[in-house]
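# Coordinate analysis (summary)
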Amino acid sequence: MIRDAATLEALLDGIRRFVREVLVPAEREVDETDEIPPHIVQGMKDLGLCGMTIPEAYGGLGLTTEEEVLAAIALCQTSPAFRSLIGTTIGIGSQGILMDGTEAQKREFLPRLASGEILASFALTEPEAGSDAASLRTTARKDGDHYVIDGTKRYITNAPYAGIFTVMARTDASIKGAGGISAFIVDAGTPGISFGKRDRKMGQKGSHTCDVIFDSVRVPASRIIGGAGNTGNGFRTAMKVLDKGRIHIAAVCAGVAERMLADALRYAMERRQFGQPIAEFQLVQAMLADSKTELYAARSMLLDTARRRDEGHHVATEAACCKLFASEMCGRVADRAVQIFGGAGYVADSGIERFYRDVRLFRIFEGTSQIQQVVIARNMVRAAALG
């Protein structure tokens, strides 16, 4: 549901220009140093990218889901680490507040997130709770008009420089499953919060994750998302947030795949063997054609799902389909791109080697491919049982 085509195109043009002139030239530096330069961080804030999904009433751009998908595809014609810098703020870090927060919580936090004054992180995963998120062990014990949080969260994106965390913690120890979990907004500077060392990852250098340790962290009961009386609904909030996040991540996959395919096509047209460009060889053409076809399918799925969500339809199944297909598609495009580049694709100079490492994460985070399959199948069975 694109509200104003001219305004959207101006935004997309600005993003494409920023990607082309600022982000692409910095790709190798970021990969080698594992740091995104401050001027790039500020540039992303100046473009309003931190507020893409936050309503205009709270200082954001208020993009529809379809507009967000198109913006994410445009932004991800480069290293996905750049998008990751703002990804938790526009996605899982802020959407819980937007979807289920009180009006007071929205007014306190969303304008600061939209401007980039603070970044948000989403603290759900734990050492013993990844795909089985409902088994989390972090506890929040009531103490007067506060809760005391204890536990460790793992692989938390943007944790080293987050201003706030959306923390999932068990407020009712008698309930072992999802029903005993509540969602808290926690200031990163609260006493008792400490951080593990940055994780050394296969790819996405410049995007940082680490453990976040909560040791007797006191949080006002009013910081429960939805208000002090809204205990036990945190897992429901997390799942709603992740449903929307799957659409966004699928768009990220499509954007990076577009970039890799464009690079592979250009190389195939320039690289000559046996007296002609390798793009003239049918087996190379097959890899290009398969990649284009799968990318077109992913983009079509994405836009259809985004439009359905904007129309008010429940799209949990479709969002999982998008995340599953787009992330697997992106991995296949990366593999074909390396194959087309040949030996050049295995060394760092081409950039394809970096993308190959970067995109492997897409099939794991925010719900593995296997979890998406489970979600899709369970939803199918549930729908069939209801008739």
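What you are looking at is a predicted structure, and each value in this text was computed from that prediction instead of being measured. (Residues numbered from 1 in each chain as written. Predicted model: local features only at pLDDT ≥ 70, side-chain atom pairs only at ≥ 80, totals over all residues. Heavy atoms only, no water.)

## Regarding the overall build of the chain
To keep it simple, the criterion reads: Segments assigned H or I by DSSP are reported as helices when at least four residues long, segments assigned E as strands when at least two residues long, and all are numbered from the N terminus. Atoms considered for the radius of gyration are the C-alpha atoms alone. The globule rule reads 2.2 Å times the number of residues to the power 0.38. The buried label applies to any residue whose accessible area, calculated with a 1.4 Å probe on protein chains only, is under 20% of its type's maximum; exposed applies above 50%, and partly exposed to all values in between. Contacts are residue-level and defined by heavy atoms, with any inter-residue pair within 4.5 Å sufficient. Residues scored as charged are limited to Lys and Arg (positive) and Asp and Glu (negative), so that His and the chain ends carry no count. In plain terms, the charge of a residue is placed at NZ if it is Lys, CZ if Arg, CG if Asp and CD if Glu.
Each helix and strand counted, the chain has 11 helices and nine strands in total. Computed over its C-alpha atoms, the radius of gyration of the chain comes to 21 Å, within 12% of the 21 Å expected for a compact globule of 387 residues. For the chain, the spread of C-alpha atoms along the principal axes amounts to about 80 × 55 × 45 Å. Considering the chain as a whole, with its 387 residues, one finds that 54% of them fall into the buried category. For the chain, the proportion of contacts with a sequence separation of at least 24, taken over those separated by at least 6, is 75%. Considering the chain, the positive charge centre built from 46 side chains and the negative charge centre built from 47 side chains are found 3 Å apart.

## Quick word on the pattern of salt bridges
Close approach of charged atoms lets side chains of opposite charge pair. The line we're drawing: Any Lys or Arg side-chain nitrogen found within 4 Å of a carboxyl oxygen on Asp or Glu counts as a salt bridge.
Considering all chains together, one arrives at 25 salt bridges under this definition. For Arg 299, the salt bridge identified is with Glu 258, shortest N-O distance 2.8 Å. In this pair, Arg 299 is assigned in helix 8 (residues 282-310) and Glu 258 in helix 7 (residues 234-270), connecting sequence segments 41 residues apart. As a salt-bridge pair, Arg 357 and Glu 353 come within 2.7 Å of each other at their nearest N and O atoms. Of this pair, Arg 357 and Glu 353 both sit in helix 10 (residues 352-358), four residues apart, which is roughly one turn of the helix. Under the relative-accessibility criterion, Arg 357 is labelled buried at 18%.

## With respect to the side chain of Asp 310
We count it as follows: Polar contacts here mean pairs of N or O atoms no more than 3.5 Å apart (in protein, one a potential hydrogen donor and the other a potential acceptor; neighbouring residues in sequence count only if both atoms are side-chain atoms).
Within the element layout of this structure, Asp 310 appears in helix 8. Buried charge Asp 310 goes without a salt bridge, the closest partner of opposite sign being Arg 309 at 4.9 Å. Within the structure, Asp 310 has its side chain in polar contact with the side chain of Thr 65 (distance 2.8 Å).

## Some details on the nonpolar core
Note the following rule: By nonpolar core we mean a set of buried residues, namely Ala, Val, Leu, Ile, Met, Phe, Trp, Tyr and Cys, connected to one another through side-chain atoms within 4.5 Å.
Membership of the largest hydrophobic core comes to 70 residues, with the highest contact counts inside it found for Met 44, Val 256 and Ile 340. Breaking this core down by element, the ones donating at least two residues are helix 1 (5-33), helix 2 (38-46), helix 3 (65-75), helix 4 (80-90), helix 7, helix 8, helix 9 (316-341) and helix 10. Counting residues per element, this core draws most heavily on helix 7, which supplies 14 residues. If we ignore the near neighbours within four places in the chain, the residues touching Val 256 are Cys 76, Thr 78, Pro 80, Cys 330, Phe 355, Val 359 and Phe 362. In this structure, Leu 98, Leu 110, Met 168 and Ala 183 belong to the second largest nonpolar core, which totals 26 residues.

## Quick look at the state of the cysteines
Here, disulfide denotes a covalent bond that connects the sulfur atoms of two cysteines. The cut-off we apply is this: Cysteine sulfur atoms that come within 2.5 Å of each other are treated as a disulfide pair.
Evaluation of the coordinates by the stated rule reveals zero disulfides. Counting only cysteine sulfurs, Cys 322 is the nearest neighbor of Cys 321, a cysteine outside any disulfide, at a range of 7.0 Å. Taking relative accessible area as the criterion, Cys 321 reaches 26% and is therefore assigned partly exposed. Classification of Cys 322 by relative accessible area gives buried; the value is 3%.

## A short note on the packing of helix 7 against helix 8
Note the threshold: Note on definitions: angles span 0 to 180 degrees between N-to-C directions of axes, and those axes are lines fitted to C-alpha atoms, for helices only across the stretch in contact. For classification purposes, angles smaller than 35 degrees are called roughly parallel, those larger than 145 roughly antiparallel, those between 65 and 115 roughly perpendicular, and all remaining angles oblique. Should the near helix be turned anticlockwise from the far one by less than a right angle, the crossing is termed left-handed; should it be turned clockwise, right-handed.
Running from N to C, helix 7 and helix 8 cross one another at 155°; their axes reach a closest spacing of 10 Å. In this view, helix 7 runs roughly antiparallel relative to helix 8, as classed from their interaxial angle. Like other packed secondary-structure pairs, helix 7 and helix 8 cross with a definite hand, here left-handed. Together, Lys 244, Ile 247, Ala 250, Ala 251, Ala 254, Ala 257, Glu 258, Leu 261, Ala 264, Leu 265 and Ala 268 of helix 7 and Val 284, Leu 288, Ser 291, Lys 292, Leu 295, Arg 299, Leu 302, Thr 305 and Arg 309 of helix 8 make up the contact between the two elements.

## Looking at helix 8
Counted only if it meets this: In a helix, the anticipated span is given by 1.5 Å times the number of residues less one.
Here helix 8 spans 42 Å end to end across 29 residues, near enough to the 42 Å set by a 1.5 Å rise per residue. Every buried residue of helix 8 is listed here: Val 284, Met 287, Leu 288, Ser 291, Glu 294, Leu 295, Ala 298, Leu 302, Leu 303, Thr 305, Ala 306 and Asp 310. Looking at the buried positions of helix 8, the neighbouring elements they touch are helix 3, helix 7 and helix 9. Gly 312 occupies a position one or two residues after helix 8 and carries a positive phi of about 95°.

## Details of the side chain of Glu 294
Examined against the element boundaries, Glu 294 turns out to sit in helix 8. Aside from chain neighbours lying at most four places away, what touches Glu 294 is Phe 325, Met 329, Arg 332 and Arg 336.

## With respect to the packing of helix 1 against helix 3
Here is the rule we go by: Lys, Arg, Asp and Glu make up the charged group, whereas Ala, Val, Leu, Ile, Met, Phe, Trp, Tyr, Cys and Pro make up the nonpolar group; the residues left over, Gly among them, are polar.
Two elements in contact, helix 1 and helix 3, have axes separated by 9 Å at closest approach and are oriented at 20°. In terms of orientation, helix 1 lies roughly parallel with respect to helix 3. For the pair helix 1 and helix 3, the crossing hand works out as right-handed. For the pair helix 1 and helix 3, the contacting residues are Leu 8, Leu 12, Ile 15, Arg 16, Val 19 and Leu 23 in the first and Glu 67, Leu 70, Ala 71, Ala 74 and Leu 75 in the second. Looking at the contact of helix 1 with helix 3 residue by residue, the classes come out as nine nonpolar, no polar and two charged.

## What to know about the pairing of strand 7 (residues 209-220)
Which entries qualify depends on this criterion: One requirement defines pairing of two strands: DSSP has to find at least two bridges between them.
Where strand 3 (residues 146-157) meets strand 7, nine bridges bridge the pair, whose relative direction is antiparallel. Residue pairing in the sheet places Lys 153 in a bridge with Val 212 of strand 7.

## Notes on helix 3
The element helix 3 is extensively covered by neighbouring structure, given that 11 of its 11 residues are classed as buried. Among the residues of helix 3, Thr 65, Glu 66, Glu 67, Glu 68, Val 69, Leu 70, Ala 71, Ala 72, Ile 73, Ala 74 and Leu 75 are the ones counted as buried. In this fold, the buried residues of helix 3 make contact with helix 1, helix 2, helix 4, helix 7 and helix 8.

## Some details on the environment of Gly 96
Tracing the chain through its elements places Gly 96 in helix 5 (residues 95-100). Separated by 141 residues in the primary sequence, Gly 96 and Thr 237 place their C-alpha atoms 6.0 Å from one another. Sequence-distant contacts of Gly 96, defined by excluding residues within four places in its chain, comprise Gly 101, Ile 225, Thr 237 and Val 241.

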